[in-house]
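Report on the structure
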There are 2 protein chains.
Amino acid sequence: MSSIMKCIGHSSAEEQLRRRADAIRLQLTQGVSKPFKKIIDLSSGDIHSVGMKPFTFVRQVLAGCLWPNLLASDTLPDDARRRAKKLLENCDGGSIGAYAESSGLAYVQRTVAKFISARDGWPSNPAHIFIASGSIRAITAVLKLLAQGGGVSQTGVLIPVPFPYTLPRVLESVGSVPLSYSLREEAGWRIEMEELQRALLSSKGHCLPRAIYISNPGNPTGHVQSRESIQEVIQFVAQENLFLLVDEVYQDTVFEVGCEFVSYKKVLAEMGPPYSHTVQLASVHSLSNGIMGECGLRAGYMELVNVDESVMLFAEALLCGDISTPITGQIALNVMADPPKPGDPSHCLYKQEVEYRQNTLKRNMYRTAEFFNTLPGFHCARVQSGIFIYPRLTFSPEALTHAQGLGLEAGLWYCGRLLEEEGVCVGVSECVDEAVSHCQPGSSWHLRLCVLMPPDALEEVLYCVQAFHCRFLKEF
Amino acid sequence: MSSIMKCIGHSSAEEQLRRRADAIRLQLTQGVSKPFKKIIDLSSGDIHSVGMKPFTFVRQVLAGCLWPNLLASDTLPDDARRRAKKLLENCDGGSIGAYAESSGLAYVQRTVAKFISARDGWPSNPAHIFIASGSIRAITAVLKLLAQGGGVSQTGVLIPVPFPYTLPRVLESVGSVPLSYSLREEAGWRIEMEELQRALLSSKGHCLPRAIYISNPGNPTGHVQSRESIQEVIQFVAQENLFLLVDEVYQDTVFEVGCEFVSYKKVLAEMGPPYSHTVQLASVHSLSNGIMGECGLRAGYMELVNVDESVMLFAEALLCGDISTPITGQIALNVMADPPKPGDPSHCLYKQEVEYRQNTLKRNMYRTAEFFNTLPGFHCARVQSGIFIYPRLTFSPEALTHAQGLGLEAGLWYCGRLLEEEGVCVGVSECVDEAVSHCQPGSSWHLRLCVLMPPDALEEVLYCVQAFHCRFLKEF
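Residues numbered from 1 in each chain as written. Chains lettered and ligands numbered in written order. Predicted model: local features only at pLDDT ≥ 70, side-chain atom pairs only at ≥ 80, totals over all residues. Heavy atoms only, no water.

Some words on the pattern of salt bridges
Residue and element names in this part refer to chain B.
- Scanning the model with the defined rule gives 54 salt bridges over all chains in all.
- With a shortest N-O distance of 3.8 Å, Glu270 and Lys266 are connected by a salt bridge. Of this pair, Glu270 and Lys266 both sit in helix H9 (residues 264–271), 4 residues apart, which is roughly one turn of the helix.
- For Glu422, the salt bridge goes to Arg471, with nearest N and O atoms at 3.0 Å. (Salt bridge = Lys/Arg side-chain N within 4 Å of Asp/Glu carboxyl O. Helix = DSSP H or I, 4+ residues; strand = E, 2+ residues; numbered from the N terminus.)

See below:
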């Protein structure tokens, strides 16, 4: 428990950094002089903010839906016009200004179900697809469904350490108890079954484990689970009667040769009965993460498998409650799940844009890993997927003493200075679990940096980081 | 208390109706034969779904922001292009695919503050404007801020009866105690001070009143508060030390001659000290309601007045939590607050579109009131504003007995049949408060119908309602 509490502490330390970044941004607009012209935020994985361009087809379809006059001319390619018309036909009153059903536009649910069926080779039911304003909202809804009891019967949720930086706040908001299982850098960040067992046992006497949260491909570790590892986890959850909540938002960002994304849904189906008919699974995906990176449009989806129909009704109520997912986001989700096909006028450009993005990601990831491995104090393991790199940073005893003297947590101090001096905002977390890791607490940290950006922008960032780190090393 | 609980019951009865409408919609897509081709939902005020067209300028600006290639040609008018460029400059990375700050794009906050300043003639501070994914989310955030204590110190909130149909769920979700003040049809639905006093006293021994919720222009009553009435309410909240939460989403729908929307903010400022410096006020407005009716884009704003800075930090955290407001909605909000000006290329068309909408609303409202006043069993008072009409329906003793025999609440039975037989979905609530109203509980109901739609579509709906009602009268 102490490790997860410490991580929540870190999570709010990151919030401090981000708030500081906001304050600096405001100062810049007010003309306050700084050693840089703008803040570059690499902590949140917002790739458009660091210069990645949107995919043309999705924006053309959106423009056509929003201003249907465009559909009468040849300003937009034929397939974009057809898609926009089809989507508008499926909106109430033919306008995206109308509310959608609370679980999403039925048409978009069907597109997503087709996408999943084609991806996995196993059927997906549109009635089991729930559209939400982003993956975090979907995850929150599932965890709310599972949150119950008080005292020793309060819901416990197994979560990895390290975890996506947004996760602790979600658990906090639903009032569930986090039970952490550690991922070790030395083990390549893979899930180790002994750790799951240990996490489960740690619940004794203070909560009742009802679910496990898995991030695959792993955020922020970049690890891609093998089919065998997924099978082991499924056997474990079946045996322990846990709900399996899988965050698969980075499924289209696997770049390492020999690695492949396999969905939990697929493995579960392949395993056959009893697993395939009993294990309750929620899998989430979103627009914001991964290749498309349309954070501002706010949409994601969740597929529920083996979940009781009556529970799904609650899921719908919870997901929607006060907000139906913005239709613009649902339209983008439709394109993500059903991109232009070979022969369509927009296919060639779409393919080029996706490939350029995938190549940029791979190139930048290798380049950045190499960069950190040449900087004293940093070590960067090979990454397999995702858009974040997660290098380890070790401070000298002098630096640690100095931070202590300032009353500051060393990682936060380092990143705060990087922000103030270079305008670069990165995520940071301390190595917290000495029991399962070789690193000593209080001596080693990980930074988290999104690397999916135009290569020249990345070089500028790396130049800033290098300049700062060299000054820092000289001082300490 | 019983009246509000009964209303919450009604609110969920409406949810039953809407769920039934969803089920019928699904059947229609599956080819099940019905006496109608589509469901017309008049209960939720979604004007695009019933055929109102969007305003051209807002959609042009959105199309330009989404697909900036449009900005290089003359497909869009010059002012739409300029606006889109300006908005993109104010998005991170120049893309609306990036996240916005949690309280909204600073540029949109400034536009909204300017709009309020011009409307009221009193300054508005952009830092006190919070952009949210719709007015309900803003209202929920404020009520969450105020929710505290348990037992007799639990937060009580004064709310009107009748109320906007979405309100009970919000109160339920934040765990506050509703204290109802009745609005009487006989009094023209105006706020009566004795009723506020009675509601306050009703809290004794079971909760602590901390806030009052006002809907002005009134939803669903269509009443517009006079300046004097607003002053009285402000004096009351000052004396009782209540937080004043004002839902002003129908501010641009006042059509009755001699009525004028005056904001609480303006009256508060005009009253001067001590009121103007002490009364804590939150006012909400949104894209979905009123004239623009862009429900699918999900955006609204809240202005906080006289609220402590430290509390506002919490407001920001609460409003945003898991979701930043979709940027497409924020762009539409920018246009709503800053429409084309005289001399701009799009001014003339925008003005025409707004006027057409206002005229349609006024015409439809008078037409529908007249229509109901000719139907036996219905009575419809004159409405001053809003997009809903709220006619009173009285059943014959035979009809009441029949409903009782079926074990059904009579209003729900009537509206359920209207839905099943004609495909028309309307809102319904029972007259519940015999203490302050002449109507007897269990004998009289109100329907709620959105009338802002193309006049020919309205005539079709009225034809269906008339046909159904005549059959119903013949039976009972």
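Having seen it, we continue.
Focus on the packing of helix H4 (residues 106–120) of chain B against helix H12 (residues 327–337) of chain B
Residues and elements named next belong to chain B.
- Orientation of H4 relative to H12, taken along the N-to-C sense of each, is 25°, at an axis distance of 9 Å. By the angle between their directions, the pair H4 and H12 is classed as roughly parallel. Regarding H4 and H12, the two cross each other, and that crossing is left-handed. In contact with Tyr107, Val108, Thr111, Val112 and Phe115 of H4, H12 contributes Gln330, Leu333, Asn334 and Ala337.
- Here the contact of H4 with H12 is composed, by residue class, of 6 nonpolar, 3 polar and no charged. (Axes fitted to C-alpha atoms, helices over the stretch in contact; angles between N-to-C directions. Parallel < 35°, antiparallel > 145°, perpendicular 65-115°, else oblique. Left-handed = near helix turned anticlockwise from the far one by under 90°. Contact = heavy atoms within 4.5 Å. Nonpolar A, V, L, I, M, F, W, Y, C, P; charged D, E, K, R; others polar.)

Points about the side chain of Asn334 of chain A
All names here are of chain A.
- Along the chain, Asn334 turns up in helix H12 (residues 327–337).
- Overall, Asn334 belongs to the buried group, its relative accessible area being 0%.
- Of the polar contacts made by the side chain of Asn334, one reaches the side chain of Arg83; its length is 2.8 Å.
- Engagement of the side chain of Asn334 in a polar contact is seen with the side chain of Thr111, the distance being 3.0 Å.
- With near-sequence residues (within four places) excluded, Asn334 lies in contact with Arg83, Leu87, Tyr107, Val108 and Thr111. (Buried < 20%, exposed > 50% of the residue type's maximum accessible area, 1.4 Å probe, protein only. Polar contact = N/O pair within 3.5 Å; in protein donor to acceptor, adjacent residues only side chain to side chain.)

A short note on the interface of chain B and chain A
- Listed as interface residues are 39 residues of chain B and, on the opposing side, 39 residues of chain A.
- Of the roughly 3700 Å² buried between chain B and chain A on both sides combined, carbon and sulfur atoms contribute 58%.
- It is Leu66, Trp67 and Tyr99 of chain B that lose the most area in chain B upon contact with chain A, and together they represent 18% of the buried surface on that side.
- The tally of links between chain B and chain A comes to 15 residue pairs in polar contact (both at pLDDT 80 or more).
- Among the secondary structure elements, those contributing two or more residues to the side of chain B that touches chain A are helix H2 (56–66), helix H5 (135–146) and H12 of chain B.
- Top contributing element to the side of chain B that touches chain A by residue count: H2 of chain B, with 7 residues.
- When its residues are assigned to classes, the side of chain B that touches chain A shows 16 nonpolar, 15 polar and 8 charged. (Buried area = accessible area lost by both parts, 1.4 Å probe.)

Here we look at the environment of Thr360 of chain A
All names here are of chain A.
- When you line up the elements, Thr360 lands in helix H13 (residues 347–374).
- Taking C-alpha positions, Thr360 is 24 Å from Arg119, a pair spaced 241 residues apart along the chain.
- Setting aside chain neighbours within four positions, we find Thr360 in contact with Leu452, Met453 and Pro455.

Quick notes on the nonpolar core
- If you look at the biggest cluster of nonpolar residues, it comprises 84 residues, and the most contacted ones within it are Val61 of chain A together with Val61, Val112 and Leu333 of chain B.
- Here Val112 of chain B is in contact with Ile129, Ile131, Tyr301, Leu333 and Ala337 of chain B, once residues within four sequence places are set aside. (Core = buried A, V, L, I, M, F, W, Y, C linked by side-chain atoms within 4.5 Å.)

A closer look at the domain arrangement of chain A
All names here are of chain A.
- As far as domains go, chain A holds domain 1 (2–52 + 359–475), domain 2 (55–98) and domain 3 (102–337).
- Measuring from the centre of the C-alpha atoms in domain 2 to the corresponding centre in domain 3 gives 31 Å.
- Each partner contributes to the interface: domain 2 provides 15 residues, whereas domain 3 provides 14 residues.
- Carbon and sulfur atoms make up 75% of the surface buried where domain 2 meets domain 3, a total of about 1300 Å² over both sides. (Domains from an automatic or database assignment.)

Overview of the packing of helix H2 (residues 56–66) of chain A against H2 of chain B
- The interhelical angle for the contact between H2 of chain A and H2 of chain B, taken along N-to-C directions, is 175°, at an axis separation of 8 Å. Taken as axis vectors, H2 of chain A and H2 of chain B run roughly antiparallel relative to one another. Contacts between H2 of chain A and H2 of chain B involve Arg59, Leu62, Ala63, Cys65 and Leu66 of chain A from the former and Arg59, Leu62, Ala63, Cys65 and Leu66 of chain B from the latter.
- Considering only residue class, the contact of H2 of chain A with H2 of chain B consists of 8 nonpolar, no polar and 2 charged.

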